[in-house]
Amino acid sequence: MTTHPARVTCDLSVSVDGYAAGLDQSEQRPFGEDGGDGWGDRLHSWMFETPEQRQRRLDRLTEVGAFVMGRNMFGPVRGAWDRPWKGWWGENPPYHAPVFVLTHHPREPQPMEGGTTFHFVTDGIESALRQAREAAGERNVSIHGGATTVNQYLAAGLIDELRLHIVPFTLGAGTRLFDGVPSLDLEQVESRAEDSVTHLTYRVPR
């Protein structure tokens, strides 16, 4: 039995108290009551404050050969697919790689411009990761969110590297990282403080 050479990574912006989104998420406010405009502007503003930060983020995305996300991150549609929703990101999403969306309701793959295709996986997180690894080849796989999906993969011991971007405000309620996750012994790989965010990178020993 061989070990897959690529890593399973996760990048997530969270408030100081660990929330990746607020309460009352909706189509108009996909991040809910997030302390900003409801579209994650306050949680993710660090990405756009300087060209260097944005470029670093984009460079990390080029390491990724496939993504996994939960259905709530893909869109607001619940239950059966009763409308032709194609995601929040327009006709040319930023992924430019296969994206595997966890769902309980089957749907045909959705090709988009720029090389992104959304695949809909109905048989669980391990199946989605297996398909993502096959699609990624020797490149990394990103467990892309939201926090509920990340928590499932952490609880199953399927993430190799966790990269947190901690923004200095609290939300108090919402969707929280580590909820329902057993105790973890994390190995700190890197920490870097900037004016509006602290970046922490952890290796998750198996």
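This is a predicted model, so every value here is computed, not measured.

J.: I'd like a description of a nonpolar patch on the surface, backed by residues and values.
T.: Among the surface-exposed residues, Phe178, Leu184 and Leu186 lie close enough to one another that they form a single nonpolar patch of about 200 Å² accessible area. The partly exposed category is assigned to Leu184, whose relative accessible area is 30%.

J.: Tell me what's going on with the environment of Ala193, and back it up with residues and numbers.
T.: Looking at the element boundaries, Ala193 is found in strand β10 (residues 187–193). C-alpha of Ala193 to C-alpha of Arg133: the two residues are 60 residues apart in sequence and 32 Å apart in space.

J.: Please give an account of the side chain of Thr175 that cites residues and values.
T.: Within the secondary structure layout, Thr175 lies in strand β9 (residues 175–176). At a separation of 3.1 Å, a polar atom in the side chain of Thr175 contacts the side chain of Gln25.

J.: So what's going on with the sheet that holds strand β1 (residues 8–15)? Residues and values would help.
T.: The pairing of strands in a sheet comes from backbone hydrogen bonds and takes either a parallel or an antiparallel form. In spatial order, the strands read β5-β6-β4-β3-β7-β1-β8-β11-β10; together these nine strands make up an open sheet with mixed pairing. The open sheet has two edge strands with one neighbour each: β5 (110–111) and β10. Here six bridges tie β10 to strand β11 (residues 198–203), and the two strands are oriented antiparallel to one another. Note on β11: the bridge partner recorded for Arg192 is His199. Contacts from helix α5 (residues 147–155) reach β1, β3 (64–70), β4 (98–102) and β7 (140–145), with the element oriented near 130° to β7.

J.: Residue-level account of the pairing of β11, with values.
T.: Bridge analysis of strand β8 (residues 161–167) against β11 gives six bridges, and the strand direction is antiparallel. If you follow Leu164 over to β11, its bridge partner there is Leu200. Hairpin connection from β10 to β11: four residues lie between these consecutive antiparallel strands.

J.: Account for unusual backbone geometry, naming residues and giving values.
T.: A cis amide bond, omega -5°, links Gly145 with the succeeding residue Gly146. Tracing the chain through its elements places Gly146 in the loop between β7 and α5. Its identity is not glycine, yet His96 carries a phi of approximately 55°, on the positive side. Take His96: it is sitting in the loop between α3 (71–74) and β4. Look at Phe178: it is not a glycine, yet its phi comes out positive at around 75°. Structurally, the position occupied by Phe178 is in the loop between β9 and β10.

J.: Talk me through the packing of aromatic side chains; I want residue IDs and the actual numbers.
T.: Under the criterion given, the structure shown has nine aromatic pairs. Judged by centre distance (5.4 Å) and plane angle (75°), the rings of Phe74 and Phe120 are edge-to-face. Placement of Phe74 in helix α3 and of Phe120 in strand β6 (residues 117–121) is noted, with a sequence separation of 46 residues between them. Considered together, Phe74 and Phe120 belong to a single accessibility category, that of buried residues. When the ring of Trp89 is compared with that of Tyr95, the centres are 5.3 Å apart and the planes differ by 85°; the resulting orientation is edge-to-face. Judged by its relative accessible area of 25%, Trp89 falls in the partly exposed class. By the ring-pair criterion, three or more aromatic residues cluster together here, those being Phe67, Phe74, Trp81, Trp89, Tyr95, Phe118 and Phe120. The ring of Trp81 is capped by Arg71, whose NZ or CZ atom sits 3.7 Å from the centre of that ring. For Arg107, the ring lying beneath its charged end belongs to Trp81, and the centroid distance is 4.7 Å.

Cut-offs used in this document
Residues numbered from 1 in each chain as written. Predicted model: local features only at pLDDT ≥ 70, side-chain atom pairs only at ≥ 80, totals over all residues. Heavy atoms only, no water. Patch = residues over 30% accessible without salt bridge, like charges linked within 9 Å, V, L, I, M, F, W, Y side chains within 5 Å. Areas by Shrake-Rupley, 256 points an atom, 1.4 Å probe, with all protein chains shown as cover. Salt bridge = Lys/Arg side-chain N within 4 Å of Asp/Glu carboxyl O. Buried < 20%, exposed > 50% of the residue type's maximum accessible area, 1.4 Å probe, protein only. Helix = DSSP H or I, 4+ residues; strand = E, 2+ residues; numbered from the N terminus. Polar contact = N/O pair within 3.5 Å; in protein donor to acceptor, adjacent residues only side chain to side chain. Pairing = 2+ DSSP bridges. Contact = heavy atoms within 4.5 Å. Axes fitted to C-alpha atoms, helices over the stretch in contact; angles between N-to-C directions. Phe/Tyr/Trp six-rings, centres within 6.5 Å; stacked < 30°, edge-to-face > 60°. Lys NZ or Arg CZ within 6 Å of the ring centre and 35° of its normal.

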